[in-house]
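An overview of the molecular structure
Chain residues, written in single-letter form:
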Amino acid sequence: MGRKILIVGGVAGGASAAARLRRNNEDDQIIMFERGPHISFSNCSLPYHLSGIVKEADNLVLMKPELFLKQYNIEARINSEVIAINRDDKTVTVRKTDTDEEYTESYDKLILSPGARPIAPKLPGMEKVNIFTVRNVVDIDNLNKFIKNMKTKDVAVIGGGFIGVEVAENLRLGGYNVTLIEASNQILRPYDYDMVQIFHKVMLDNKVNLILGDKVEKFEEDKVILASGKTIRAGAVVMAVGVSPEINLAKESGLKIGETGAIKVDKNYLTDDTDIYAIGDAIEVYNALTHTMTKLSLAGPALKQARAVADHINNKTTVNKGYIGSTAIKVFDYNGATTGLNESLIKDLNMNINYDIVRLILSDKVGLMPDAAPMHFKLLFEVPTGRILGAQAIGKGDVTKRIDIIATAIKFAGTVYDLKDLELSYAPPFSTAKDIVNYAGYIGSNLLNGDYKQVNVDKVRELVENNNIIIDVREVHEFEKGHIKGAINIPLSQLRNRIDEIPKDKPIYLHCRTGQRSYNAVLALQHMGYDKVYNITGSFLGVCLYEYYNDIVSGRESIVTEYNFK
């Protein structure tokens, strides 16, 4: 005798749970409820309809109810909102959103996968602008149709998270004048401030009006008014300030809500009702690195949870090791990926971790390849164990491969010493023989061994303002194209012959273009008796990228004579 299993929510988590349930058992009756008109749509691809990369809104729908029934014998009821859970008699109340008709449906097991809703703060004058959010196919279709018919090309996007940035990018690619407004001092919080400056520059380069550190105060007729007094014209406004877990159904039925404000579940994703599970954006999960509960609105974890629930319902063993949070994003012609902890999170949570960083720039493939480009990589590791804590990578090449390697290493408690010994696939069109991941292991190991000292690019402005001694070891022709103000040019090729020009009693900070030549210079000086020498991580390219956005938008004096991003 089969069981009756109901699923609330028919997108990533719900649809995946349904499919896995059927693979586990052919006899169960499985019914999935989705309050919207579509199930199993690609919500992560929604912004790409605005640029035409995804040409038709219907292309975002991956599976229709009729096909779900034919292929999996799963009944998917669209336009059907579950409005109440009656735990005592194990039924749910369902409202048909197109007719308002209500009915009840019984269950043996119930899975909640309601997702998260966009946060739309109440601000004065909201009725005076055309406000949109992006959650489903209907939302993105409505937005796209509206902006195509509006008289202006001006669109404002509020919020610099993943959705906000992707919407801004695709609107710009679609030919719109885009202003992206973020109240904090950076977009994309999974990236540290020193790394995200690359994306800030990319936004400016692609003519997105990026406004940071300024929040929306109110709206006027087709205008966004900021706290600074700035006025932004906008025929349409996209609200992308974040999401909030859909907990109303669970809360009203008396299920426990966790410390983060999301649904509380155990290691098997069971709520405090032994017949009700919850998965996806609506739940809180265990962060294996912070050792705290957190909310994690990512598709990958939701799919893993869906599989685990379907297996647990069918008495299969499941393992929950927690989550570390791995992400990826494309911003115009640059790619980014992150995993694990970053410095900002460690500080925000007051985590008592002694850590250091590796910050390097390396070609993403052999330099002879026509599409070779610099890859920017940052690794956090614990001192003195070398245990890997997190990483970030940005570049035009395959950053996801590198971050996926680090994510795997974190899952297996890897250290920087392990990275040195990794055997990674190589051919000139794909990577360098010693990959940037290997280099991160070499550098981390060197730092742990005390082989040399470093300062990060975010400290260089202070060094310049304090008139510290900075030596640029690039060749003369490189120096002449742009350099740090006040820097002394002693090329690595001349270093040993000009050693008398370098004092031993003062701190010396060295850099080149990306850090490799200056690292060799640091070691050479140390062998000659210098003990106050530091390598500037990221070197001149890193400094230019770190300083550029704030120089441009603030009008402050640059610390370089000319920017050089080549």
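Quick look at the structure, then. As the structure is a computational prediction, the values presented were derived from the model and not from experiment. (Residues numbered from 1 in each chain as written. Predicted model: local features only at pLDDT ≥ 70, side-chain atom pairs only at ≥ 80, totals over all residues. Heavy atoms only, no water.)

1. Some details on the packing of aromatic side chains
Counted under the stated rule, the structure contains ten aromatic pairs. Measuring from ring centre to ring centre gives 5.4 Å for tyrosine 191 and phenylalanine 199, while their planes differ by 90°; the resulting arrangement is edge-to-face. Each member of the pair, tyrosine 191 together with phenylalanine 199, is buried. The interplanar angle of 10° and the centroid separation of 5.9 Å between the aromatic rings of tyrosine 563 and phenylalanine 565 together place this pair among those described as stacked. Tyrosine 563 sits in the partly exposed class, given a relative accessible area of 25%. Every member of this aromatic cluster is reached through a ring pair, and the members are Tyr548, Tyr563 and Phe565. When the ring centre of tyrosine 176 is taken as reference, the NZ or CZ atom of lysine 153 above it lies at 4.5 Å. (Phe/Tyr/Trp six-rings, centres within 6.5 Å; stacked < 30°, edge-to-face > 60°. Buried < 20%, exposed > 50% of the residue type's maximum accessible area, 1.4 Å probe, protein only. Lys NZ or Arg CZ within 6 Å of the ring centre and 35° of its normal.)

2. Description of the pairing of strand S31 (residues 508–511)
Of the two faces of S31, the one carrying Ile508 and Leu510 and the one carrying Tyr509 and His511 are both buried. Sheet topology note: the strand S29 (residues 469–472)/S31 ladder contains four bridges and is parallel. Among the inter-strand pairings, aspartate 472 is bridged to a residue of S31, identified as histidine 511. Where S31 meets strand S32 (residues 533–536), three bridges bridge the pair, whose relative direction is parallel. Opposite isoleucine 508, over in S32, you have valine 533 as the bridge partner. (Helix = DSSP H or I, 4+ residues; strand = E, 2+ residues; numbered from the N terminus. Pairing = 2+ DSSP bridges.)

3. Comments concerning the packing of helix H1 (residues 12–24) against helix H7 (residues 299–313)
Packing of H1 against H7 leaves a shortest axis separation of 8 Å and a crossing angle of 35°. Helix-helix and strand crossings are classified by hand; for H1 and H7 the assignment is right-handed. Packed against H1, whose contacting residues are Ala12, Gly13, Ser16, Ala17, Arg20, Leu21 and Asn24, the element H7 presents Ala302, Leu303, Ala306, Arg307, Ala310, Asp311 and Ile313 at the interface. (Axes fitted to C-alpha atoms, helices over the stretch in contact; angles between N-to-C directions. Left-handed = near helix turned anticlockwise from the far one by under 90°. Contact = heavy atoms within 4.5 Å.)

4. Here we look at the side chain of serine 431
Locating serine 431 in the fold gives a position in the loop between helix H10 (416–420) and helix H11 (436–448). With relative accessibility at 1%, the residue serine 431 sits in the buried group. A polar contact is formed between the side chain of serine 431 and the backbone oxygen of serine 425, at a distance of 3.5 Å. (Polar contact = N/O pair within 3.5 Å; in protein donor to acceptor, adjacent residues only side chain to side chain.)

5. Here's the deal with the nonpolar core
Counting residues in each nonpolar core, the largest one holds 54 residues, and the members touching the most others are Phe377, Leu379, Ile406, Ile502 and Leu510. Looking at this core, the element that brings in the most residues is helix H9 (residues 399–411), giving seven residues. With residues up to four places along the chain from it excluded, the contact list for isoleucine 502 reads Ile471, Ile490, Leu495, Ile508, Leu525 and Tyr530. Ile39, Tyr103, Leu110 and Ile279 belong to the second-largest nonpolar core, a separate cluster that totals 48 residues. (Core = buried A, V, L, I, M, F, W, Y, C linked by side-chain atoms within 4.5 Å.)

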